[in-house]
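Listed below are the residues making up each chain.
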Amino acid sequence: MSETPPFTIESFYKFVTEGKLMAAKCSKCETVLLPPRPVCTKCLSTDFRWVELERKGKLLSYTVIHVSPVQFQSMAPYTVGIVELKAGPHLPGMIRGVEPEKIRVGMDLRVDFDTSIQTQWPLWPRYFFRPP
Amino acid sequence: MLIGKPLVSIVSAGLSKFGRLDGMYGREIFAEAAKEAFERCPNLDPAKDVEALFVGQMGESYEHQGHTGPTLADWTGLLPKPAMRLESACASSGVALRIGIFAVLSGMHDIVLVGGVEKMTHRTTAEVTEFLAMASDFPFEQWHGITFPGLYALMATAHIHKYGTTEEQMAMVAVKNHNNGVLNPKAHMQKVVTLEKVMSSRVIAWPLKLYDCSLITDGASCLILTRPDLAKKFTDTPVHIVGSGQASDAIGIYEREELTTMKAGKLAGQEAYKMAGVEPKDLDIAEVHDCFTIAEIIAYEDLGLCKPGKGGSLVEEGVTMLDGEIPVNTSGGLKSKGHPVGATGTAQAYEIYLQLTGQAERRQVSGAEVALSHNVGGSGATAAVHIYRKG
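1. Side note on the interface of chain B and chain A
The partner chain A presents 27 residues to the 28 residues of chain B that form the contact. Looking at the side of chain B that touches chain A, the elements with two or more residues in it are helix H5 (125-133), helix H6 (148-163) and strand E5 (203-206) of chain B. The element contributing the most residues to the side of chain B that touches chain A is H6(B), with seven residues. The pairing of strand E4 (residues 56-65) of chain A with E5(B) spans two bridges and is antiparallel. Residue pairing across strands places A:Val64 opposite B:Trp206, the latter belonging to E5(B).

2. Regarding the nonpolar core
A general trend in soluble globular proteins is that nonpolar side chains are found buried together. Residue and element names in this part refer to chain B. Counting residues in hydrophobic clusters, the biggest one holds 169 residues, and the most contacted among them are Ile 10, Val 112, Tyr 152, Leu 223 and Tyr 353. Looking at which element gives the most residues to this core, the answer is H6, with nine residues. Other than its neighbours up to four places away in sequence, Leu 223 contacts Ile 10, Ala 13, Leu 97, Val 114, Gly 115, Thr 346, Ala 349, Tyr 350 and Tyr 353.

3. Examining the domain arrangement of chain A
All names here are of chain A. The domain boundaries assigned to chain A delineate domain 1 (1-53) and domain 2 (54-132). A per-element tally of the side of domain 1 that touches domain 2 places helix H1 (residues 9-17) first, with four residues. Among the residues making up the side of domain 1 that touches domain 2, the classes are represented as seven nonpolar, two polar and one charged.

4. Looking at the environment of B:Ile298
Residues and elements named next belong to chain B. Mapped onto the fold, Ile 298 is located in helix H11 (residues 293-302). Residue class for Ile 298 comes out buried when judged on the 29 C-beta atoms lying within 10 Å of it. The spacing of Ile 298 and Ile 101 is 197 residues in sequence and 27 Å in space, taken between C-alpha atoms. The contacts of Ile 298, once residues within four sequence positions are left out, are Met 155, Thr 261, Met 262 and Gly 311.

Analysis parameters
Residues numbered from 1 in each chain as written. Chains lettered and ligands numbered in written order. Predicted model: local features only at pLDDT ≥ 70, side-chain atom pairs only at ≥ 80, totals over all residues. Contact = placed C-beta atoms within 7 Å. Helix = DSSP H or I, 4+ residues; strand = E, 2+ residues; numbered from the N terminus. Pairing = 2+ DSSP bridges. Core = buried A, V, L, I, M, F, W, Y, C linked by C-beta atoms within 7 Å. Buried ≥ 20, exposed ≤ 12 C-beta atoms within 10 Å, placed from the backbone. Domains from an automatic or database assignment. Nonpolar A, V, L, I, M, F, W, Y, C, P; charged D, E, K, R; others polar.

Encoded structure:
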């Protein structure tokens, strides 16, 4: 049996490289933690297991970024939002494949992965959201 | 218990000009603020009497300069007094003020200088956007291209969706604060803006437009704090700080319980009100953290000036205008006075000092005796609230 990856942000992004949306589940109170953390925010337990999350969620809020930081200038304007995953955690990220005018709070979105960048910290591959 | 008692007294205050201060280093701008504070207080011998300096400053990146505490002590003539820089993003000097209160209350120091500074305008907008974003979560927010205005835009979209707040109501915050800023000779942008001008300005992060955003500004601010029983030695008109609250929340806004409120601001407010023995209805004026127009609307709600969801109506009804029931951001706020991030917390306190001592000139609110300042760090992971009473 392979060793369990540590419950770190880097491990989360390494799973993204493999096309997996993974979170830490507290073995004591079953809270799903994303980002993973060294200690459970609910019960302070340090005992976790990795669980793969369903890639479905609903859009909680969004914005269209027109003025971006230097490294994102070629992409602007782009849309970002916060998605409430079916498993509970909220995740922020870019929304692709839908016109900004057609985006609505509450719409269904799916997590997808952009694994074109195969690099190491702090240059992780990215996940993003798209319509199902 | 500390309820209702003065924690410390402000015996003087200083503010540099806010704006684009070409050719000046942050330390020189801070010296300008300190000079005003010292000159206002002739009974104080700074080199002898000031025992420590606590100063807020957000970023080393702007001037490629760290270790700001002793640098500012040097440039204000306070060497070899202990000096410390505190970083809590845009709440840096609100937190420095609180640390100054701790220092005096503890008995370690009788007189301290607290303040803040930031030099920003020599950088490009893209650079400043990037530096400010450092106050947000790196691996999940910055990494996915979410900017600082973007985070407040996410709150705005949620507020619009949940409560029906309108872009016009947000724009009214800008119009009001610019009207006040025109009356403040130290404000960065002393210019009236119309609702149409705000609404038609270019989009920064939808639904936030250029005039929904506070300004990139150079500036510094400071206060001289002492024990309440020593205050009369230095001035006949001290301002007492009677309540101080601070709270923290998740660095990423995606982890917050609600996007339409800032829990840290709410909790810091509750703590400060309780300590002061004051209720929202007792306030004569408030300076709140309007880094974006939506932030002022949320601040009204978090501080109990109105019910959740009613912040948009509050500004629309004129309640928070200079001649309203509770004038908010008489200084022009971050929106018109400017937002040199590290300087903002004690710049809010500076405005309150002027108002409660009758020195606010054309924007003076007559009879103001009880006031509140609300300083938010980043997208709300820090908030510091203070309550003041005329001495």
